[in-house]
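# Geometric and topological summary
Residue strings, one per chain:
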Amino acid sequence: AQTVTQSQPEMSVQEAETVTLSCTYDTSESDYYLFWYKQPPSRQMILVIRQEAYKQQNATENRFSVNFQKAAKSFSLKISDSQLGDAAMYFCAYRSADARGSTLGRLYFGRGTQLTVWP
Amino acid sequence: NAGVTQTPKFQVLKTGQSMTLQCAQDMNHNSMYWYRQDPGMGLRLIYYSASEGTTDKGEVPNGYNVSRLNKREFSLRLESAAPSQTSVYFCASRVDRVRDPFFGPGTRLTVL
């Protein structure tokens, strides 16, 4: 089974600074998707960014970017110019790209990293 | 267009009581999922449904039953609640096996 590991239970950053959240995963598949979800105190799961494994180019969404290292099975999230509203729990997640598989596209989540942003 | 809705938002049960968590989506999605989130853990899959009339077990199905009532609704039932089922429950849906899922707002359940 696929596993996703987030080794940083908590991280903190000063407002306007940059922070990087780490994620590693284990899979024998070659085609898959990786995600970062943000969960604010409201509990809503918000998709921040996604990466398709067959794409070598790292995904970017405004202040959020990833460093995807397929051979190392590493997928880190960089948040630039951190804002107070970025404070939340961040989850790394994996999904198989096999549309025919019995996993039916389920997501595998890491345990999360709680990000604090200091003013 | 409300997306994925879950009721109730909060619930407190006593050990041994039963209840049903409701989930509905108005996006005409085929697949629906129930996850649970415990402190210090990511979301774990309880049950999923590929289409109306089909359901399958996920990673942590013990103590739960599900019903895919129709294409819109996917309910999760606790027949005899236990303190270990204290958690936040998320419902999600997807239009097909390729697209990303949409999540509901979650239900916080406490079993005393």
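Fair warning: this is a prediction, and the values are worked out from it, not measured in the lab. (Residues numbered from 1 in each chain as written. Chains lettered and ligands numbered in written order. Predicted model: local features only at pLDDT ≥ 70, side-chain atom pairs only at ≥ 80, totals over all residues. Heavy atoms only, no water.)

Contacts between the two partners involve 29 residues from chain B and, on the opposite side, 23 residues from chain A. Here chain B meets chain A over a buried area of about 2100 Å², counting both sides, of which 50% is carbon and sulfur. Applying the counting rule to chain B against chain A returns three salt bridges. For R95 of chain A, the salt bridge identified is with D100 of chain B, shortest N-O distance 3.0 Å. Of the residues assigned to the side of chain B that touches chain A, the class counts are 14 nonpolar, eight polar and seven charged. (Contact = heavy atoms within 4.5 Å. Buried area = accessible area lost by both parts, 1.4 Å probe. Salt bridge = Lys/Arg side-chain N within 4 Å of Asp/Glu carboxyl O. Nonpolar A, V, L, I, M, F, W, Y, C, P; charged D, E, K, R; others polar.)

For the rest of this paragraph, the subject is the sheet that holds strand β1 (residues 4–7) of chain B. All names here are of chain B. Across the sheet, four strands lie side by side as β1-β3-β8-β7; this open sheet has antiparallel pairing. Two strands in the sheet have a free side with no partner beyond their single neighbour: β1 and β7 (64–68). The mean inter-strand angle of the sheet, taken between neighbouring strand axes irrespective of direction, is 15°. Relative to strand β8 (residues 74–78), β7 runs antiparallel, the two sharing five bridges. (Pairing = 2+ DSSP bridges. Helix = DSSP H or I, 4+ residues; strand = E, 2+ residues; numbered from the N terminus. Axes fitted to C-alpha atoms, helices over the stretch in contact; angles between N-to-C directions.)

Looking now at the side chain of Q85 of chain B. Residue and element names in this part refer to chain B. Assignment of secondary structure puts Q85 in the loop between β8 and β9 (87–94). Residue classification places Q85 among the buried residues on the basis of a relative accessible area of 5%. Setting aside its immediate chain neighbours within four residues, Q85 contacts R36, N62, G63, Y64, L78, S80, L109 and V111. (Buried < 20%, exposed > 50% of the residue type's maximum accessible area, 1.4 Å probe, protein only.)

This is a description of form; function is not addressed.
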